[in-house]
Amino acid sequence: MSLESPWNRMSLESPYKHMILESPWNRIHREPGGNNLEFYTAFNEKRPIRLNAQTREFAWESLHGRYGEESLRTPVVAVDDIIGFERMTEYGKYDAAIARIAEMAPIRICEFETVSGAATLGGAIDHVVPAFWRGGKLWDSVSHVTLGFGKVLETGIDGIAQELILRLADPALGAPQIEILESMRNTIGALRVWHKRYLEALARVKPAIHGNLIHVPFKPARHFHEAVQSLWFVFAFERLCGNWPGIGRIDEMLGGFLKRDLASGVLTLDEAREILAGFFIKGCEWIRRDIPEDCGDAHHYQNIVLSGMDVDGQDVTNEVTYLVLDIVEELGIGDFPVSVRIGGNTPEKLLTRMAEVIRHGGGIVAAYNEPLILKSLTEFGYSTAEARRFANDGCWEVQVPGKTHFGYYPFDSLKILLNDTLGLNGTPALFDDFGSLYAKYLADLKRAVEGIYRDTVRDRTGQLPGADWHWRTAIPCSAVSMLTEGCIESGLSYLGGGARYNVMSPHIGGAPDAGNSLYAIHKLVFEERKVSFSGLMAILQSNWEGQEALRQYVLNQYTYYGNDHDEADAFTCNVLNDFAGIVAELKGRCPILFPAGVSTFGRQIEWAPFRTAVPFGRRKGDILSSNTSPTPGTDSAGATAMIRSYCKADLSRQANGAALDVKLHHTAVQGENGVESLVALLKGFVALGGFFLQPDVVDATVLRLAQANPEDYKTLSVRVSGWNARFVTLGPEWQEMVIERTAQGV
Amino acid sequence: MLLSITNIQRFSTHDGPGVRTTVFFQGCPLRCAWCHNPETQSGCPMLFYVAGRCIGCGACVKACPNGAHSMHPFGRTGRHDYDATLCKGCFRCTEACPAKAVEPVSRMLDPVEIMEIVLKDKVFYGEKGGITLSGGEPLLQAGGCLELLRLAKDNGLNTVVETAGHFDATHLAPIAALTDLFLWDFKDGNAKRHKEYTGVSNALILKNLRAADALGSKILLRSMLAKGINLEEEHLHSLAETASGLKHCIGVELLSYHPYGGSKSEQMGLGDNGRKDWIPSAEEMRLAGETLHRLMRPGIREPE
Ligand code: SF4
Ligand code: SF4
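Basis of the calculations
Residue positions within a chain follow its written sequence, with the count starting from 1. Written order determines the labels here, with chains lettered from A and ligands numbered from 1. Whole-chain, interface and lining totals are the exception, using all residues; otherwise, since this is a predicted model, local features are given only for residues with pLDDT of at least 70 and side-chain atom pairs are given and counted only at 80 or more. Hydrogens are left out, water is left out, and the side-chain values use all remaining heavy atoms of the structure. Put simply, DSSP H or I for four residues or longer makes a helix, DSSP E for two residues or longer makes a strand, and each gets a number counted from the N terminus. Any two residues having at least one pair of non-hydrogen atoms within 4.5 Å are treated as being in contact. Residue-level accessible areas treat just the shown protein chains as cover; the underlying method is Shrake-Rupley with a 1.4 Å probe. The predictor attaches a confidence to each residue, and that confidence, scored 0 to 100, is pLDDT. We call a residue near a molecule or strand as soon as one heavy atom of that residue lies within 4 Å of the molecule or strand. Residue polarity is assigned by list, with Asp, Glu, Lys and Arg as charged and Ala, Val, Leu, Ile, Met, Phe, Trp, Tyr, Cys and Pro as nonpolar; anything else, Gly included, falls into the polar class. Buried Ala, Val, Leu, Ile, Met, Phe, Trp, Tyr and Cys residues that are joined via side-chain atoms within 4.5 Å together make up what is termed a nonpolar core. Think of it in three bands: with a 1.4 Å probe and only protein chains considered, a residue is buried below 20% of the maximum accessible area for its type, exposed above 50%, and partly exposed in between. Two strands form a pair only when DSSP identifies at least two bridges running between them. In short, buried area is how much 1.4 Å probe accessible area vanishes from two parts on joining, totalled over both. When a carboxyl oxygen of Asp or Glu is within 4 Å of a side-chain nitrogen of Lys or Arg, the pair counts as a salt bridge. Side-chain atoms alone can form a polar contact between residues adjacent in sequence; in general such a contact is a pair of N or O atoms within 3.5 Å, and within protein one must be able to donate a hydrogen while the other accepts it. Note on aromatic pairs: the rings of Phe, Tyr and Trp (six-membered ring only in Trp) are paired at centre separations within 6.5 Å, and the planes decide the class, stacked below 30 degrees, edge-to-face beyond 60, tilted for the rest. Either the NZ atom of lysine or the CZ atom of arginine qualifies as a charge over a ring when it sits within 6 Å of the ring centre and within 35 degrees of the ring normal. Each axis is a line fitted through C-alpha atoms, taken for helices only over the stretch in contact, and angles between the N-to-C directions span 0 to 180 degrees. Small angles under 35 degrees read as roughly parallel and large ones over 145 as roughly antiparallel, with 65 to 115 read as roughly perpendicular and the rest as oblique. Segmentation into domains, and thus their bounds, comes from an automatic or database assignment.

1. Quick word on the overall build of chain A
Moving on, step 1. Along its length, chain A carries 27 helices and 17 strands.
Moving on, step 2. Across chain A, contacts joining residues at least 24 apart in sequence account for 77% of those joining residues at least 6 apart.
Moving on, step 3. In the form shown here, chain A has an accessible surface area of approximately 24,800 Å², with 52% of it arising from carbon and sulfur atoms.

2. Points about the confidence of the model for chain A
Moving on, step 1. For chain A, per-residue confidence averages 88 on the pLDDT scale, and residues scoring 70 or more make up 90% of the total.
Moving on, step 2. Every residue in residues 1–32 of chain A is under pLDDT 50, and counting partners more than four places away or in other chains gives 62 contacts.

3. Observations concerning the site of ligand 2
Moving on, step 1. What surrounds ligand 2 is the set B:C54, B:I55, B:G56, B:C57, B:G58, B:A59, B:C60, B:H80, B:C97 and B:A101.
Moving on, step 2. Along the lines of polarity and charge, the residues of the shell around ligand 2 split into 7 nonpolar, 3 polar and no charged.

4. Observations concerning the nonpolar core
Moving on, step 1. A:F224, A:L276, A:M354 and B:L221 are the most contacted members of the largest nonpolar core, which totals 291 residues.
Moving on, step 2. Not counting residues within four places of it along the chain, the set of residues in contact with A:F224 comprises A:L254, A:F257, A:L258, A:D261, A:L267, A:A272, A:I275, A:L276 and A:V320.

5. Focus: the sheet that holds strand β8 (residues 365–369) of chain A
All names here are of chain A.
Moving on, step 1. The strand order β6-β7-β8-β15-β14-β13-β12-β11 describes an open sheet built from 8 strands, whose pairing is mixed. Each edge of the open sheet is held by one strand with a lone partner, namely β6 (304–306) and β11 (404–412).
Moving on, step 2. Bridge analysis of β6 against strand β7 (residues 338–342) gives 3 bridges, and the strand direction is parallel. Paired with V305 across the bridge in β7 is S339.

6. Quick word on the sheet that holds strand β1 (residues 77–78) of chain A
All names here are of chain A.
Moving on, step 1. As summarised here, the arrangement of the 3 strands in space is β1-β2-β3, forming an open sheet in which the pairing is mixed. Sheet topology places β1 and β3 (136–137) at the edges, where each strand pairs with a single neighbour.
Moving on, step 2. With 2 bridges connecting them, β1 and strand β2 (residues 131–133) associate as parallel partners. Bridge assignment links A78 to a residue of β2, and that residue is F132.

7. Considering the interface of chain A and chain B
Moving on, step 1. Facing 29 residues of chain A, the contacting portion of chain B comprises 20 residues.
Moving on, step 2. Summed over both sides, the interface of chain A with chain B buries roughly 2,100 Å², with 55% coming from carbon and sulfur.
Moving on, step 3. Considering only the side of chain A, the residues that lose the most area to chain B are A:N556, A:T640 and A:N673, jointly responsible for 24% of the buried surface there.
Moving on, step 4. Counting across the interface, chain A meets chain B through 3 salt bridges.
Moving on, step 5. The shortest N-O distance in the salt bridge between B:R10 and A:D564 comes to 2.7 Å.
Moving on, step 6. Viewed at the interface, chain B and chain A are joined by 12 residue pairs in polar contact (both at pLDDT 80 or more).
Moving on, step 7. At 9 residues, the largest contribution of residues to the side of chain A that touches chain B is made by helix α25 (residues 671–688) of chain A.
Moving on, step 8. Grouping the constituent residues of the side of chain A that touches chain B by class yields 14 nonpolar, 11 polar and 4 charged.

8. Observations concerning the pattern of salt bridges
Moving on, step 1. Evaluated as defined, the whole model comprises 62 salt bridges over all chains.
Moving on, step 2. Between A:D170 and A:R167 there is a salt bridge, and its shortest N-O distance comes to 2.8 Å.
Moving on, step 3. A relative accessible area of 27% places A:D170 in the partly exposed class.
Moving on, step 4. Notably, a salt bridge pairs A:E370 with A:R341, separated by 2.8 Å at the nearest N-O pair. Of this pair, A:E370 sits in helix α13 (residues 370–380) while A:R341 is found in strand β7, placing the two residues 29 residues apart along the sequence.
Moving on, step 5. Through salt bridges with shared partners, one network takes in A:D564, A:D566, A:D569, A:R644, A:K648, B:R10, B:K120 and B:D121.

9. Re the packing of aromatic side chains
Residues and elements named next belong to chain A.
Moving on, step 1. Counted according to the given criterion, the structure contains 40 aromatic pairs over all chains.
Moving on, step 2. Taking 5.7 Å as the distance between ring centres and 55° as the angle between the ring planes, the aromatic pair formed by F411 and F579 counts as tilted. Here the residue F411 occupies a position in strand β11, and F579 occupies one in helix α22 (residues 566–584), the gap between them amounting to 168 residues. The burial state of F411 is the same as that of F579; both residues are buried.
Moving on, step 3. Aromatic pair Y558 and Y560: ring centres 6.5 Å apart, planes at 80°, arrangement edge-to-face.
Moving on, step 4. Since its relative accessible area comes to 6%, Y558 is described here as buried.
Moving on, step 5. The structure contains a cluster of three or more aromatic residues connected by ring pairs, namely F434, Y438, Y441, Y519, Y553, Y558, Y560, F571 and F616.
Moving on, step 6. Looking at K349, its charged tip hangs above the ring of Y322, at a distance of 4.1 Å from the centre.

10. Observations regarding the site of ligand 1
Moving on, step 1. Taken together, 13 residues form the shell around ligand 1, and within it B:C64, B:C87, B:C90, B:F91 and B:C93 come nearest.
Moving on, step 2. A per-class count over the shell around ligand 1 returns 8 nonpolar, 3 polar and 2 charged.

11. Observations concerning the side chain of B:T22
All names here are of chain B.
Moving on, step 1. Position of T22 relative to the elements: it lies in strand β2 (residues 20–25).
Moving on, step 2. Of the polar contacts made by the side chain of T22, one reaches the side chain of S12; its length is 3.0 Å.
Moving on, step 3. Sequence-distant contacts of T22, defined by excluding residues within four places in its chain, comprise N7, I8, Q9, S12, D15, T132 and S134.

12. Examining the packing of helix α2 (residues 53–63) of chain A against helix α10 (residues 269–282) of chain A
All names here are of chain A.
Moving on, step 1. Relative to each other, α2 and α10 sit at 10°, their axes nearing to 10 Å. Classified by the angle their axes make, α2 and α10 are roughly parallel. Residues T55, F58, A59 and S62 of α2 form the contact with α10, whose participating residues are E274, A277, I281 and K282.
Moving on, step 2. Across the contact of α2 with α10, the residue classes break down as 4 nonpolar, 2 polar and 2 charged.

13. Re the pairing of strand β12 (residues 501–509) of chain A
Across a regular strand the side chains alternate sides, sitting on one face of the sheet and then on the other.
Residue and element names in this part refer to chain A.
Moving on, step 1. With 9 of 9 residues buried, β12 is to be regarded as a mostly interior element.
Moving on, step 2. The alternating pattern of β12 places Y501, V503, S505, H507 and G509 on one face and N502, M504, P506 and I508 on the opposite face, and all of these are buried.
Moving on, step 3. Relative to strand β13 (residues 597–598), β12 runs parallel, the two being bridged by 2 bridges. Counted as the bridge partner of I508 is V598 from β13.

14. Quick word on the domain arrangement of chain A
Residues and elements named next belong to chain A.
Moving on, step 1. Per the domain assignment, the segments making up chain A are domain 1 (1–30 + 64–245), domain 2 (247–265 + 289–397 + 656–746) and domain 3 (398–636).
Moving on, step 2. Between the C-alpha centres of domain 2 and domain 3 there is a distance of 25 Å.
Moving on, step 3. Residue-level contacts link 32 residues of domain 2 with 33 residues of domain 3.
Moving on, step 4. Approximately 2,700 Å² of surface area, both sides summed, lies buried where domain 2 meets domain 3, with 57% of it carried by carbon and sulfur atoms.
Moving on, step 5. At the junction of domain 2 and domain 3, the tally comes to 1 salt bridge.
Moving on, step 6. In this structure, the connection of domain 2 to domain 3 is made through 15 residue pairs in polar contact (both at pLDDT 80 or more).
Moving on, step 7. Only α13, β9 (391–392), β14 (657–665) and α27 (732–740) provide two or more residues apiece to the side of domain 2 that touches domain 3.
Moving on, step 8. With 5 residues, β14 is the largest single contributor of residues to the side of domain 2 that touches domain 3.

Structure representation (structure tokens):
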């Protein structure tokens, strides 16, 4: 066994094998009582308290990294001693590794937990299968997927096992299919082992949870507490195996159970809230005690989608919807980004509750415009029923949960303009009029998008898009395949084409910057003729050196995207719409679905050094626009103007999604009228045809304080760019970016 | 008809119910020592100058016919200086400045033009939101206010007028007829102090206030409390008494003084008028709220 790897710290004779981690942390660090704990809020009133003191304490220690730290002490299991491992097939190795994880991962039972099961191998936090051979990783794990947890509640894992047995009886199956299906069965076998270990450990210490776990997740859940346990246990197992699944429509999945329990009187709403809070608190078990500086730690893609219509068009909003909002409002947990599908049928009460949560800051609750997305998905080609099922992948990219294999391909549309069209990285181009410039840009954009399509397809199939179609062999991922519709039926894995929908989405980034650049060239060179085309190119190549007056002129005298200025907005909207058109032309050439989307997810930071100076006055290296949001510093007309600018593009053509980040100043949403104003923003966003709105309430002063005293602000979470992160875990550029974007609405 | 407007602020959430667009009028007959919008006081300098934006290019020096701009050869090398007292408001420099370091304090706008901007956010107003006329004192330009309010009503918007109450009483009835809510500033119940700190007597203000109430106008009284000035019993008593005497008063809002106009005053070359020692503590504000609540007739909304 090599000892070089940091992951090898866990020995084979693990003392954790059957041990309940009983840390002295409790007695040493525990605060005097849960009600004295304060979870950060940007609002001028404290967060409401509905949960009992123990639950709040549990949340506090979890958010402060107690369990993450524990997990890091047991990063991975080693498979070195498995006899004949080296000679096994890839699936054989995978099954052995998952079995080893199930046997050896430490069992953790927390004092105040309401559901049991824990992803205690810290290596999973690094997105790998936490079973190492000779100190090295074997496989990456899977994320950006929402699994079919609804099915687990309905049929139990036994139902899936049964399905596998039936499927395997088919004599027409080929050997590879059999291997994949057997691997799913073996994964279920591993889950049984892990389950049995919990039952043994729980029998004496937690009889109630033990009682639930006897039944679930193998049998269908019978009541609310069992349903939450079932969902949590399978979710935790997936994470134990390294995967980072999203949860999906939790209120739709759990609402019926709660309704029955409330009606029969076996449960009160307050009890249900405590149970569900346990789920959310357990979901913070990967938060680390130390503060790794990165792009934020709180994004393991465990997304939640609330409300919206069911397959029959009925509103699913129920008590669970409100309990989720209660919980994140009280505890400020941002680890499960909550996206609410709003639109025509959304109850007024739900909008109000969303606003009440949003005003505390943390960026936890975001909004989908359901009517627009349903239109978008059906126009893209999904049936009405499938479209109505939509949830997301873990950030906000729209997908049909439990049956979609998803990946996205981000690219920098600004860099294409600067380098390919304008030639700023070499010999600059020359254009006599704006029309020919824009035509060349679209041609360059088209080439880039087609390249992505070709590469994506080749990546998955080893072929170019064509008639003769088969999937390339992929790394094993049976834990994910077994909960993805289509895989059992086809005998293919999730990564190997088994999912009902295989979606690869090109994501345009920097579109507002490209739009603003085109606008500035149009004004400065072709309309006002203040400088010649080649003159401007020379200026950009020398990074605006010695041209401060002209730079100030383009920065200040023109209005850019995001200020509700029709002329300027048109340039960005054209880029977005034309991109969607280019993508649409590729439709139907192969079974991979290729919907357009808009995102940067913070890549504007990594892209910055590779861009030249831009025509609208920003220098090389400046951090520019995120997602579909205005370039920082160019928008001054407030949140409503920004939303209007964004909605001028036909966002329904971005079938994978287009997010707008709106940071509101905390004073703008104070008082009773603050809630009404937020509700009005949400309604306006729907009425105008937005896609996905990520509002956050922040106080730049507090963010500065948090930069200086990170220890005091560990629970301050902010919306970054599709997920939430604790502010103190963001690297310096990320922190600056968040602070820079905090001024709207003042 | 052109109106002198200092700013049109969209997504205002503190100037009446719902989401609003607030139109700030230039000009005010009062001279409050604590003014938050000193640029709206009439007779003040006509330019904002933001030194931090200035790149020292000298374009304004060339543009100005009155020598209001100059460059400093010494000291902050190449930096530029602006003398507000020499400015005649021709705005040649604001056109010339590439950096928007000098900007007109107000613009002359047509009511139709203003309404176009206001209507852009109609989708966000819902049933409650709409337009707020503020300032300055909007009723110094009563004709324009009337026109704007009429346009707002034609478009089904909720209307709020924020006033200090010191205006020609003949304007009241037509304005009141088109106003859904007045936000009425009640600066000080002590007449002598009112004169001292705002430059005018409070007699006309109170007279107009009662007249508006008699016309059936909904009124929200607002009073900003500054420590050492009006944060004391007499003012709170008279505020409570005035509110209680109004039939259509929907509430009293107490605001805490904040040295807010300070940086703006600096930008206009007025020097900092912010006074840190005037800021009341949170506890003092809470007590003032309690006192007021005790003194007021029931039915008036509790102060926030
Ligand atoms: S507005 Fe006219 S007079 Fe005043 S400083 Fe500018 S150029 Fe000179
Ligand atoms: S024109 Fe503007 S930037 Fe140039 S010196 Fe004058 S104020 Fe400064």
